[in-house]
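Each chain, written out:
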Amino acid sequence: MKKCLVVILSFNSADEVNKLSESICQQEYPPGFRILIIDSSTSQTERDRIAVNEKITLWTIENSEFSHGGTRQQAVEYAISKGIELCAFIVQDALPVDNEWLLQLTAPFDLDSKVACVFGKQVPYENHNPLAKAWVETTFHNISPDDTVRWHTANCDEVGRNFNSNVNAAYRCHFFKTKQIEFPQIGYSEDQKIASLILNSGLIKIYNPDAAVYHSHNLATPISQFQRFFDDFSGLLKSVGSCGISTTLYELPKNIRQETELNQEYINTQDGISTIEKWSWKRRAKKMARAKYLALYLAINYDNNVDASEYRLLSRDGMRKDLMRNELSPLQKVSLKLLILKRIFTFGRKGFIKGLNENKPVEQASITTTTVHQQDSAITEQRPKYELTPSIYPLPYFYDFILQWDNTRYEQKPLKKTEKLRINWIVPDLSMGSGGHLNIFRVVQGLMARGHECSVYIMPMLHPISIEEKRTLIKEHYIDLDCPIEILNE
């Protein structure tokens, strides 16, 4: 077992921090550990109330200097300078479930020298509302339905392969010291980004449900739900290029209905609330689902490219950066609702509303006819002239063009065993850590090894970089493919 530094990030919440640090001081951890509190409070009164002792070191930084990635990287570098081998992170509103939390969080590092990260389970607070509980319990049940330890590598097919949470996680400092990984200098979703870096570096991430903490966001209003998920989805898009789920305006009603039904089913299973409370929360479930998916829709279409004044309405994090307030005023709540409608209407003018009202795809791609000569016969194919059309992103979403490709006909013929194929692979945009793309590229490599000719076409990029950079990404983090790789619409 190894010495550990436990890092708490603190912001205007001395009572929570003191309760948490007291709980951590009671942890059973024979190798010894220290606690580092990094406080970015805007209130000197709150800062002065943070309790310290011989185990606790307090850093104070300006709130403007804080970032989720950069500040954690500084903490790891501090641990390295002190000769500490493991660095654990926990947030101020979490609390270890028992006195073996730190022991369980660090024990998996002894299983394999390539384990770079271990993250633990989150358990909702008992006094939080059923919708807050539903989100937390569902998330971690999906990662490990039987509550067993899960190993995540670049090649695994585990549901939680790309998931990570610095609410409750620990890292091996050696890999930061050797520059194999580091926290990115980003303001949000740094945990998901470093998870992809770990896997793409050939290292291991482990989920240990026995390393559990209490943590949940007791969001009870649609506005707080909207702001929280807008931050989550925007952060994921900025850090890893995907937020795991998607929606178009056309799909919003279906997504909201499914989310509502799932949450209502969960509420029915809760024994600690009365029938009247269940009825009330089941009614609220639809509003909360609507807030979540509107946040997703706006985050996908706008990412973080919004004006500062709008960001303070759309974002919970942006609201907190406005140091004059902690909640939206009634007028600001109205402004937020009008802003959401304005954003939706802006995209509606591009065709979304038409698709929603007509209950069919927005438009069909135009068709051009080409003749392809193969051996002695001519095959006439109808192919779509690919054009950008409105979808979940300002660019087409993955395979929308296939759904819009109507009346396509091919002449089918038997394939001889000795005949070589020319195969065009159309794949969604990719970033580091995509297991689906890795499997596709392995098949491409295997087919080329057998003499078939392959080309890879990437759907237009959500966060565009040059095709040269994309080829380098595939070479360094997937497979060095010796075949043409292009953007589909070029």
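Quick caveat: nothing in here was measured; it's all calculated off a predicted structure.

Engineer: Hey, could you run me through the overall build of the chain in this one?
Structural biologist: When its secondary structure is counted, the chain shows 16 helices and 14 strands. Taken over 490 residues, the chain has a buried fraction of 51%. In the chain, of all internal contacts separated by at least 6 residues, the share reaching a separation of at least 24 is 74%.

Engineer: Where do I start with the confidence of the model for the chain in this structure?
Structural biologist: Any segment with low pLDDT has predicted coordinates that should not be analysed in fine detail. For the chain, the average pLDDT comes to 79, and 75% of its residues sit at 70 or higher. Per-element confidence in the chain is highest for strand 8 (residues 168-172), whose mean pLDDT is 97, and lowest for strand 10 (residues 367-374), whose mean pLDDT is 35.

Engineer: Could you clarify how one ought to interpret the sheet that holds strand 13 (residues 453-458) in this entry?
Structural biologist: Sheet strands line up and pair through hydrogen bonds in the backbone, either parallel or antiparallel. Spatially, 12-13-14 is the arrangement adopted by the three strands of the open sheet, whose pairing is parallel. This sheet does not close on itself; its edge strands, each paired only once, are strand 12 (422-427) and strand 14 (485-487). Averaged over all adjacent pairs, the angle separating strand axes in this sheet is 25°, with direction ignored. As defined by bridge partners, strand 12 adjoins strand 13 across six bridges and the pair is classed as parallel.

Engineer: Just checking my understanding: could you explain a nonpolar patch on the surface for this structure?
Structural biologist: On the surface, a nonpolar cluster with roughly 280 Å² of combined accessible area is contributed by Leu 111, Val 149 and Trp 151. Structurally, the position occupied by Leu 111 is in the loop between helix 4 (101-106) and strand 6 (115-123). With a relative accessible area of 54%, Leu 111 lands in the exposed category.

Engineer: In this structure, what is going on with the nonpolar core? I would like to understand it.
Structural biologist: Where a protein is soluble and globular, its nonpolar side chains tend to be buried together. Within the largest apolar cluster, 32 residues are counted, with the highest numbers of intra-cluster contacts made by Val 6, Ile 24, Ile 90 and Trp 101. Elements with a contribution of two residues or more to this core: strand 1 (4-10), helix 1 (14-25), strand 2 (33-39), strand 4 (86-91), helix 4, strand 6 and strand 9 (204-214). Excluding its chain neighbours within four sequence positions, the residues that come into contact with Ile 24 are Val 6, Ile 8, Phe 33, Ile 35, Ile 90, Pro 96 and Trp 101. Within the second largest apolar cluster, 31 residues are counted, among which are Ile 38, Ile 61, Phe 119 and Ile 143.

Engineer: I would appreciate a short explanation of helix 3 (residues 68-81) in the present structure.
Structural biologist: Since one α-helical turn is 3.6 residues long, residues separated by three or four positions face the same way. A rise of 1.5 Å per residue sets the reference length of helix 3, with its 14 residues, at 20 Å; its end C-alpha atoms lie 20 Å apart and thus fit the reference within 8%. Of all the positions in helix 3, only Gly 69, Gly 70, Thr 71, Arg 72, Gln 73, Ala 75, Val 76, Tyr 78 and Ala 79 are classed as buried. For helix 3, the elements touching its buried residues are strand 1, strand 2, strand 3 (56-60), strand 4, helix 6 (173-177) and helix 7 (190-200). Once helix 3 finishes, Gly 83 follows within two positions and takes phi at roughly 75°, a positive value.

Engineer: For this particular structure, what's the right way to read the pairing of strand 1?
Structural biologist: In summary, the side chains of a regular strand alternate between the two faces of the sheet. A large share of strand 1 lies buried, amounting to seven of its seven residues. Burial along strand 1 is two-sided: Cys 4, Val 6, Ile 8 and Ser 10 facing one way and Leu 5, Val 7 and Leu 9 facing the other are all buried. Pairing analysis gives seven bridges linking strand 1 to strand 2, with the strands arranged parallel. Within strand 2, the position partnered with Ile 8 by the bridge is Ile 37. Pairing of strand 1 with strand 4 involves six bridges; the strand directions are parallel. Its bridge partner lying in strand 4, Cys 4 is registered against Leu 86.

Engineer: Looking at this structure, I do not really get the environment of Gly 235. What am I missing?
Structural biologist: Along the chain, Gly 235 falls in helix 8 (residues 222-240). Judged by its relative accessible area of 2%, Gly 235 is buried. C-alpha separation for the pair Gly 235 and Ser 189, spaced 46 residues apart in sequence, amounts to 5.2 Å. Once residues within four sequence positions are removed from consideration, Gly 235 is found in contact with Tyr 188 and Ser 189.

Engineer: Help me out: how do you make sense of the packing of aromatic side chains in this one?
Structural biologist: In this description, a pair of aromatic rings is defined by centroid distance and the angle of the planes. Under the defined criterion, the tally for this structure stands at 16 aromatic pairs. Geometrically, the ring pair formed by Tyr 29 and Phe 33 is edge-to-face, given 6.2 Å between the ring centres and 70° between the ring planes. Of the two residues, Tyr 29 and Phe 33, neither departs from the other in class, the shared state being buried. Here a set of aromatic residues connected by ring pairs shows up, and it is made of Phe 89, Tyr 171, Phe 176 and Phe 183. Directly above the aromatic system of Trp 281 lies the positively charged group of Arg 284, at a separation of 4.2 Å from the ring centroid.

Engineer: What exactly am I supposed to notice about the environment of Trp 59 here?
Structural biologist: Structurally, Trp 59 is set in strand 3. Under the relative-accessibility criterion, Trp 59 is labelled partly exposed at 24%. Sequence-wise, Trp 59 and Ala 75 are 16 residues apart; in three dimensions their C-alpha atoms are separated by 9.9 Å. Among all residues touching Trp 59, those that are not within four sequence positions of it are Leu 36, Ile 37, Ile 38, Asp 39, Gln 74 and Tyr 78.

What counts, and where the lines are drawn
Residues numbered from 1 in each chain as written. Predicted model: local features only at pLDDT ≥ 70, side-chain atom pairs only at ≥ 80, totals over all residues. Heavy atoms only, no water. Helix = DSSP H or I, 4+ residues; strand = E, 2+ residues; numbered from the N terminus. Buried < 20%, exposed > 50% of the residue type's maximum accessible area, 1.4 Å probe, protein only. Contact = heavy atoms within 4.5 Å. pLDDT = per-residue confidence, 0-100. Pairing = 2+ DSSP bridges. Axes fitted to C-alpha atoms, helices over the stretch in contact; angles between N-to-C directions. Patch = residues over 30% accessible without salt bridge, like charges linked within 9 Å, V, L, I, M, F, W, Y side chains within 5 Å. Areas by Shrake-Rupley, 256 points an atom, 1.4 Å probe, with all protein chains shown as cover. Salt bridge = Lys/Arg side-chain N within 4 Å of Asp/Glu carboxyl O. Core = buried A, V, L, I, M, F, W, Y, C linked by side-chain atoms within 4.5 Å. Expected span 1.5 Å × (residues − 1). Phe/Tyr/Trp six-rings, centres within 6.5 Å; stacked < 30°, edge-to-face > 60°. Lys NZ or Arg CZ within 6 Å of the ring centre and 35° of its normal.

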